[in-house]
Amino acid sequence: MVSQPPSPREISGRTALILAVASLVTGCALTGAYWLVGKLVGPGWVAALILHVPAAILVYRWQRPVLRPSWQDALPAVVIVAGAAALAAFSRVLGGGDVPPPALGWQQLAFILLIPPIEELVFRVGIGTVFRQRGGPLWGAWFSAIVFALAHTGPSLGLPLGPFLLGLACEALYIRSGRLAPAVLFHAACNATVVIFALGDARWLQWLRLLYS
């Protein structure tokens, strides 16, 4: 049975300001931590695991989210994967342009299989819960997605569109279902589109660069 999401609630200007500042500070702190650990250990996915695995364990022990998936949990992920495959196949059949695919390896596998469950525990169950408790499902999800987006960009100004939209989508899936599996599978599917486009028609990575930046 799919749980009904809680109704959004109004928040005061003071609460909105607190959430905004907290999201900026948290996101920038995570960005700095990624950059620093990445300088020490090398690949970004290794830095993410080093930072998030201990946090994910603590979050799991704190919240005990529902991890058992149902078949409905995979539907959004299937749509994303099938859509990406169809786009890559269609443009490849039409031809035009010869863009060599980027090298694929352990990093891509990590971003599909390892990073999504760990990050969803940290961002949706951990950080997201804190923001939703303060701002309700709507504004809590919004500011949690800002943290997620800021954490997925380098030390620069601006909010990357792709990670922000992914954060919002995963927040919505988690709130709507009350389970973590839909968000994890959707996150993994979105990461998998990089591999799908790279193998099918790498031009899509350039055409959709706003989503992959």
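Our subject is the structure listed above.
A quick note: this is a predicted structure, and the numbers were derived from the prediction, not measured. (Residues numbered from 1 in each chain as written. Predicted model: local features only at pLDDT ≥ 70, side-chain atom pairs only at ≥ 80, totals over all residues. Heavy atoms only, no water.)

Some points on the overall build of the protein chain
- The helix and strand tally for the protein chain stands at 9 helices and 0 strands.
- Looking at the protein chain residue by residue over its 213 residues, the buried ones come to 43%.
- Contacts spanning at least 24 positions in sequence make up 76% of the contacts within the protein chain whose residues lie at least 6 apart.
- Only carbon and sulfur atoms are counted for the fraction: they give 71% of the accessible area of the protein chain, which is about 11,700 Å². (Helix = DSSP H or I, 4+ residues; strand = E, 2+ residues; numbered from the N terminus. Buried < 20%, exposed > 50% of the residue type's maximum accessible area, 1.4 Å probe, protein only. Contact = heavy atoms within 4.5 Å. Areas by Shrake-Rupley, 256 points an atom, 1.4 Å probe, with all protein chains shown as cover.)

Some remarks on the layout of surface pockets
- In this structure, the largest pocket occupies an estimated 1,000 Å³ of space.
- Taken together, 36 residues form the lining of the largest pocket, with Pro163, Asn191, Val194, Leu211 and Tyr212 sitting closest to its centre.
- Elements with a contribution of two residues or more to the lining of the largest pocket: helix H1 (13-41), helix H2 (44-63), helix H3 (75-94), helix H4 (106-113), helix H5 (115-151), helix H6 (161-177), helix H7 (181-200) and helix H9 (209-212).
- Grouping the constituent residues of the lining of the largest pocket by class yields 23 nonpolar, 12 polar and 1 charged. (1 Å grid on protein atoms, 1.4 Å probe; cavity = no way out; pocket = protein on both sides within 12 Å on 5 of 7 lines; lining within 4 Å. Points joined across faces, edges and corners; volume = space filled by probe spheres on them. Nonpolar A, V, L, I, M, F, W, Y, C, P; charged D, E, K, R; others polar.)

Some thoughts on the pattern of salt bridges
- One pass over the structure, following the stated rule, counts 5 salt bridges.
- Salt-bridge contacts for arginine 132 lead to glutamate 171; the nearest nitrogen and oxygen are separated by 2.5 Å. A residue pair is termed long-range when its members are at least 10 positions apart, and arginine 132 in helix H5 and glutamate 171 in helix H6 qualify at 39 residues. For the residue pair arginine 132 and glutamate 171, the accessibility class agrees, reading buried in each case.
- In the salt-bridge network here, residues are joined through shared partners; they are Glu120, Arg124, Arg132 and Glu171. (Salt bridge = Lys/Arg side-chain N within 4 Å of Asp/Glu carboxyl O.)

Quick word on the packing of aromatic side chains
- The full count for this structure, using the stated rule, is 6 aromatic pairs.
- Judged by centre distance (5.0 Å) and plane angle (90°), the ring pair of phenylalanine 123 and phenylalanine 148 falls under edge-to-face. Each member of the pair, phenylalanine 123 together with phenylalanine 148, is buried.
- Centroid distance tryptophan 204 to tryptophan 207: 4.9 Å. Interplanar angle 80°. Geometry classified as edge-to-face. Of this pair, tryptophan 204 and tryptophan 207 both sit in helix H8 (residues 203-207), separated by 3 residues, roughly a single helical turn.
- When its relative accessible area of 15% is taken as the criterion, tryptophan 204 is described as buried.
- One Lys or Arg, arginine 124, reaches over the ring of phenylalanine 148 and ends 4.9 Å from the middle of that ring. (Phe/Tyr/Trp six-rings, centres within 6.5 Å; stacked < 30°, edge-to-face > 60°. Lys NZ or Arg CZ within 6 Å of the ring centre and 35° of its normal.)

Observations regarding the environment of valine 93
- Examined against the element boundaries, valine 93 turns out to sit in helix H3.
- Placed 108 residues apart in sequence, valine 93 and aspartate 201 show a C-alpha to C-alpha distance of 9.7 Å.

Details of the side chain of serine 177
- As for its placement among the helices and strands, serine 177 is situated in helix H6.
- With a relative accessible area of 10%, serine 177 lands in the buried category.

Let's talk about the packing of H5 against H6
- Put simply, H5 and H6 touch, their axes get as near as 10 Å, and they point 75° apart. Judged by the inter-axis angle, H5 sits roughly perpendicular to H6.
- In the contact of H5 with H6, the residues fall into 16 nonpolar, 3 polar and 4 charged. (Axes fitted to C-alpha atoms, helices over the stretch in contact; angles between N-to-C directions. Parallel < 35°, antiparallel > 145°, perpendicular 65-115°, else oblique.)

Here we look at the packing of H1 against H5
- Contact pair H1 / H5: the axes reach a minimum separation of 11 Å and the direction vectors enclose 175°. Taken together, the axes of H1 and H5 are roughly antiparallel relative to one another.
- Tallied by class, the residues present in the contact of H1 with H5 amount to 17 nonpolar, 6 polar and 3 charged.

Some words on the nonpolar core
- Counting 36 residues, the largest nonpolar core has Phe123 and Ile127 as its most contacted members.
- Where this core is concerned, the elements lending two or more residues are H1, H2, H5, H6 and H7.
- Counting residues per element, this core draws most heavily on H5, at 16 residues.
- Each residue touching phenylalanine 123, except ones within four places of it in the same chain, is listed here: Leu30, Tyr34, His52, Gly128, Ser144, Val147, Phe148, Ala151, His152 and Glu171.
- Counting residues in hydrophobic clusters, the runner-up holds 5 residues, among them Ala84, Ala88, Ile196 and Phe197. (Core = buried A, V, L, I, M, F, W, Y, C linked by side-chain atoms within 4.5 Å.)

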